[in-house]
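# Survey of secondary and tertiary structure
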Amino acid sequence: MAQVEKRGGLLRKSSASKKPLKEKVVLMYDEIFMTEDPSKCSPRFWEELFLMKVNLEYLEGKLESLDGEELMKIKDNINCLFQHCIQALGEEHPIRVVNALQNLMESLDSLLCAEGSESLKSLCLKLLLCLVTVTDNISQNTILEYVMINSIFEAILQILSHPPSRREHGYDAVVLLALLVNYRKYESVNPYIVKLSIVDDEATLNGMGLVIAQALSEYNRQYKDKEEEHQSGFFSALTNMVGSMFIADAHEKISVQTNEAILLALYEAVHLNRNFITVLAQSHPEMGLVTTPVSPTPTTPVTPLGTTPPSSDVISSVELPLDADVQTSNLLITFLKYSSIVMQDTKDEHRLHSGKLCLIILTCIAEDQYANAFLHDDNMNFRVNLHRMPMRHRKKAADKNLPCRPLVCAVLDLMVEFIVTHMMKEFPMDLYVRCIQVVHKLLCYQKKCRVRLHYTWRELWSALINLLKFLMSNETVLLAKHNIFTLALMIVNLFNMFITYGDTFLPTPSSYDELYYEIIRMHQSFDNLYSMVLRLSTNAGQWKEAASKVTHALVNIRAIINHFNPKIESYAAVNHISQLSEEQVLEVVRANYDTLTLKLQDGLDQYERYSEQHKEAAFFKELVRSISTNVRRNLAFHTLSQEVLLKEFSTIS
C-alpha cells in the first residue's frame, strides 16, 4: 500500500502518476479566499467547517500570502469567518468550539502581522480585548488557555516595533499585553511573562515606551487644561472674593480619571524586563511644548478622560525635529509628573490604586543599579515641573524658577511632597511605608557608590520630623487601625542613615552640620517620641515589641541631643544670649564633635527587595479585575476610529 504523507493540507501518494488530493477543510478554506460567498451554494458551509479538524499550517499560509489589495477583495468573507467563529464559541458542541477558537486565533495572529488594512488590525485587537476581558477575573477566562498555548506575543511586538502600526494600534496592543501577562501569573508558568522578560530588541522596547509615554502625557495635558480652566473660571473669581476656604474642593473638581491599564503596562515592563530600564531615560522633546496635528474629535468625550488611546505617536524622534531651545523630557519625567497628580488625592479608590502602583514602580526603579546610575548622573540634568497640592500656607512655585538637576532630585521632591500633604484622618499608612522605602533605597545607593547629591536635604528632614509629630498627635486614632511604630522606626532609621553614613554621601561638611542642627532644633519631637515608645514598651500591651524597636533605634539621636544641648545652653549663658542664631548653634556643634560618642548600628544600609508574588498578589488581582471591567466598558463606546471601521466593514452587524 502506498505511503501517505501530509504536507500543507495535501494528501500525497508516493506514486507520481496521480494528482495530489486535498483535504476537505483545505478546499473549504480555498472557498473562503474566493470573492464569492461560500455559503451561497452550501447553506451549511459554516456549520460543516467547524466540524472539520483545523489545518493551521494551510490557513496561516493562505493568510500570509495575501497582500493588502487582495485582502480588501475578500473582506466580506473574512468578516463572515470572524462572525461565525464567534457565534460557534457560544455553542455546546465541544468540537465546534475548539475548531472555531483555533480558526479565530490563527486569523487574528496572521492579520495582526500582515501588511494589510489597518482597520482590520484594529478590529482584531478590539476583538482580542473583548475576548480577554469577557470575565472580570481574567484568570477564570478559559479562552485564554488557548492564547497561552498559541501565542500572539510576536504579533504584539511587531505592532510596537513598526511605527505606522504603533501609531494606530500601539495603545490597544500594550493594554492587551499587560492583561495577558496577568493571566494566572501566580498559578502556572505564563509564557507572556517569560517572553516579555527577555525582550532585548531596541525598536520594540522603545516602541512600548513611546506608547506608554504618550498615554501618560495625554493624561498630564488633560489635567493641566482642566487646572487652567478652573483658575481662569468663575470658581477662581469666587475663591478670590471669599478667601481660600474652598481650595481643597476646587482641587477635587479638576480630577481626571486615572489610566490604570497603561500604568500596569509600565509596571510589568519595568518589573519584568531589565532592558526596559534604558527606555526610561530616552530623551524626547517636551510634549507640552510641541504642536502636532491631531485628528478632529467629537465635542463630547465618549470615553472617560485619561483612558482614551492617544491619537498620534508625537514623541518619535524621527518624526519631530530636535530643537535646542525646547525642554527635553523622557518617559521617567512624564511618569513622575503623572504620579505627582494621581498621588495628590488618595480618597478615591482608583486614585489610591494608581498612587500605590506609582510607588511600586518607583520602588522597582530605586532598586535597579542601572536606573540609579542615570537617576544620579550629574551630566543628565532636567527641569521637572511636578504638580503640587494647593495648600493655604505655601505659594505655587513658578515653573521658570525650577533648577536643572539630576532626576533623583525630582523623585525625592515627589516623596517629600507626598509626606507633607497626606497627614490626614484617613491616613494612607501603606503608601507612607512605600514612600519611605523609596527614599531609603536611594540613600543606600548613594552610600554604596559615594554619590554626593546636591539636594536640599533639610526639606526631607523637616518633612520626616513633621510626620513623626503627626503620628504622636494622633496616636490613639491611628493605633486603632495601624501599627504606626513600623513607620516611626523607618523614619528614625533614615535619620540614623544620615548620622552614621552621612559623611559618605552628603554634599559638604556643612550639610552634616545642618543635620545635627535640625535634630537639636527639633529635639522636643524626638523627646516626645521617646517618651511615647518607652511608655508602650514597658507595658504588656500588643505594641510592646514594636515600640521597643523604636526605643533602641533612638539611641544615637538621643545621644546627639543630650550631648549638644547642655553645651548650647552653657554657650548662651556665658555669652548672655537669650536665643542663639543658627550660625552660633552650628559653631557649638562643630566645636564639640570630638567628644560625641555614638553606637554603631548594623543593617541600616540593608533592605528587603521588592517581591510581587508574596506580598502584592491580592492587590494586583483586584487591580487587574478593575482594569478588565474598565477596558470592556470602554470598548462598548463608538469612538471615531470605530465609526470609520464600521463604515469600512459594513457587513459587521
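Bear in mind the structure is a predicted one, so any value in this text is a computation, not a measurement.

## Some remarks on the overall build of the chain
Summing up its helical and strand segments, the chain has 32 helices and seven strands in all. Taking all 653 residues of the chain together, 53% fall into the buried category. Sequence-distant contacts, at least 24 apart, represent 78% of the contacts inside the chain between residues at least 6 apart. As displayed, the chain has an accessible area near 31200 Å², and 53% of this comes from carbon and sulfur atoms.

## Structural notes on the nonpolar core
Of all hydrophobic cores here, the largest spans 171 residues; its most connected members are Phe276 and Phe485. When residues in this core are grouped by element, the largest group, 15 residues, is from helix α24 (residues 484–505). Apart from residues no more than four positions distant in its own chain, Phe485 is found in contact with Leu479, Met532, Val533, Leu536, Trp543, Ala546, Ala547 and Val550. Counting residues in hydrophobic clusters, the runner-up holds 19 residues, among them Phe33, Leu49, Tyr58 and Leu81.

## Details of the packing of aromatic side chains
For any pair of aromatic rings, the description consists of the separation of the ring centres together with the inter-plane angle of the planes. Throughout the structure, instances matching the rule amount to 20 aromatic pairs. Here Tyr516 and Tyr593 contribute two aromatic rings whose centre-to-centre distance is 5.2 Å and whose plane-to-plane angle is 85°, an arrangement assigned as edge-to-face. On the criterion of sequence distance, the pair formed by Tyr516 in helix α25 (residues 509–521) and Tyr593 in the loop between α29 (582–591) and α30 (612–615) is long-range, its members being 77 residues apart. Taken together, the ring pairs in this structure connect Tyr455, Trp457, Trp461, Phe498 and Phe505 into an aromatic cluster. Across the ring face of Phe620, the terminal group of Lys185 is positioned such that the distance to the ring centre comes to 5.5 Å. When the ring centre of Tyr530 is taken as origin, the NZ or CZ atom of Arg558, which lies over that ring, is 3.7 Å away.

## Quick look at the packing of helix α26 (residues 523–537) against helix α27 (residues 544–553)
The relative placement of two packed helices comes down to the angle between their axes together with the axis-to-axis distance. Two elements in contact, α26 and α27, have axes whose closest approach is 8 Å; the angle formed by their N-to-C orientations is 145°. The crossing of α26 and α27 is left-handed. Residue-level inspection shows Leu529, Tyr530, Val533, Leu534, Leu536 and Ser537 of α26 in contact with α27, the latter providing Lys544, Ala547, Ser548, Val550 and Thr551.

## Regarding the pattern of salt bridges
With the rule as written, the count across this model stands at 25 salt bridges. A salt bridge links Asp413 to Arg405; the nearest nitrogen and oxygen atoms lie 2.4 Å apart. Several salt bridges converge on common partners, so that one network encompasses Lys356, Asp430, Arg434 and Glu616.

## Overview of the packing of α24 against α26
Contact geometry of α24 with α26 gives a least axis separation of 13 Å together with a crossing angle of 135°. If you check the angle between α24 and α26, you find them oblique. As α24 packs across α26, the resulting crossing turns out to be left-handed. Side by side, α24 and α26 meet where Ile484, Phe485, Val492 and Phe495 of the first sit next to Phe526, Leu529, Met532, Val533 and Leu536 of the second.

## Re helix α20 (residues 407–421)
For α20, with 15 residues, the first-to-last C-alpha span of 22 Å sits near the 21 Å given by 1.5 Å per residue. Taken across its 15 residues, α20 has 14 buried, putting it largely inside the fold.

## Things to note about the environment of Asn385
Within the secondary structure, Asn385 is located in the loop between β6 (381–382) and β7 (405–406). Judged by its relative accessible area of 26%, Asn385 is partly exposed.

## A look at unusual backbone geometry
Positioned with a positive phi, Arg184 is a non-glycine residue whose angle comes to about 45°. Relative to the helices and strands, Arg184 resides in the loop between α10 (163–181) and α11 (191–198). A positive phi angle, near 55°, is found at Arg450, a position not held by glycine. Considering the arrangement of structural elements, one finds Arg450 in the loop between α21 (429–449) and α22 (457–473).

Each value, and the rule that gives it
Residues numbered from 1 in each chain as written. Predicted model: local features only at pLDDT ≥ 70, side-chain atom pairs only at ≥ 80, totals over all residues. Heavy atoms only, no water. Helix = DSSP H or I, 4+ residues; strand = E, 2+ residues; numbered from the N terminus. Buried < 20%, exposed > 50% of the residue type's maximum accessible area, 1.4 Å probe, protein only. Contact = heavy atoms within 4.5 Å. Areas by Shrake-Rupley, 256 points an atom, 1.4 Å probe, with all protein chains shown as cover. Core = buried A, V, L, I, M, F, W, Y, C linked by side-chain atoms within 4.5 Å. Phe/Tyr/Trp six-rings, centres within 6.5 Å; stacked < 30°, edge-to-face > 60°. Lys NZ or Arg CZ within 6 Å of the ring centre and 35° of its normal. Axes fitted to C-alpha atoms, helices over the stretch in contact; angles between N-to-C directions. Left-handed = near helix turned anticlockwise from the far one by under 90°. Salt bridge = Lys/Arg side-chain N within 4 Å of Asp/Glu carboxyl O. Parallel < 35°, antiparallel > 145°, perpendicular 65-115°, else oblique. Expected span 1.5 Å × (residues − 1).

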